[in-house]
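Summary of the model geometry
Spelled out from the first residue to the last, the chains are:
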Amino acid sequence: MNEMNYDKLIEAASKKLGISPQQLRRSLESGDMKALSQGLSKSDKDKLRAVLSNKELMQKLKGASSPEDIMKIIGRQ
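Residues numbered from 1 in each chain as written. Predicted model: local features only at pLDDT ≥ 70, side-chain atom pairs only at ≥ 80, totals over all residues. Heavy atoms only, no water.

1. Brief notes about the overall build of the chain
A tally of helices and strands in the chain yields six helices and zero strands. Along the chain, from the amino end to the carboxyl end, the secondary structure elements read α-α-α-α-α-α. In summary, the chain has a C-alpha radius of gyration of 12 Å against a globular reference of 11 Å for 77 residues, a match within 12%. Structurally, the chain occupies a C-alpha span of about 30 × 25 × 20 Å along its principal axes. (Helix = DSSP H or I, 4+ residues; strand = E, 2+ residues; numbered from the N terminus. Rg over C-alpha atoms; globule rule 2.2 N^0.38 Å.)

2. Some points on the packing of helix α1 (residues 3–17) against helix α2 (residues 21–30)
Put simply, α1 and α2 touch, their axes get as near as 8 Å, and they point 105° apart. Taken as axis vectors, α1 and α2 run roughly perpendicular relative to one another. Of α2, the residues touching α1 (which contributes Glu 3, Tyr 6, Asp 7, Ile 10, Glu 11, Ala 13, Ser 14 and Leu 17) are Pro 21, Leu 24, Arg 25 and Leu 28. (Axes fitted to C-alpha atoms, helices over the stretch in contact; angles between N-to-C directions. Parallel < 35°, antiparallel > 145°, perpendicular 65-115°, else oblique. Contact = heavy atoms within 4.5 Å.)

3. Here's the deal with the pattern of salt bridges
When charged atoms on two side chains of opposite charge get close, those side chains can pair. Enumeration over the complete set of coordinates arrives at four salt bridges. Across the pair Arg 49 and Asp 46 runs a salt bridge whose closest N-O atoms are separated by 2.9 Å. Residue Arg 49 and its partner Asp 46 are both found in helix α4 (residues 42–53); the two are separated by three residues, about one turn of the helix. Lys 60 is the salt-bridge partner of Glu 56, the closest N and O atoms lying 3.7 Å from each other. Separated by four residues within a single helix, Glu 56 and Lys 60 lie in helix α5 (residues 55–62), roughly one turn from each other. Look at Lys 60 and you get partly exposed, because its relative accessible area is 41%. Where salt bridges share partners, they join Lys 42, Asp 46 and Arg 49 into one cluster. (Salt bridge = Lys/Arg side-chain N within 4 Å of Asp/Glu carboxyl O. Buried < 20%, exposed > 50% of the residue type's maximum accessible area, 1.4 Å probe, protein only.)

Right, here's the structure in full:
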């Protein structure tokens, strides 16, 4: 994923989570999942845990070239 697509994804996700893009980026870089999940419903937290614990899915997500590709991959799960 190129930097521009990554920035778009961070922006969209930060709005959904109700945190700033900078805070989301720091949480991702530090691996702070608690900060990432604080604004999520229980259902969304469970979904996030399922995605993060699925090594095969994480490999696919790392190879995605755009936010749209990520949504397609996640939507199949």
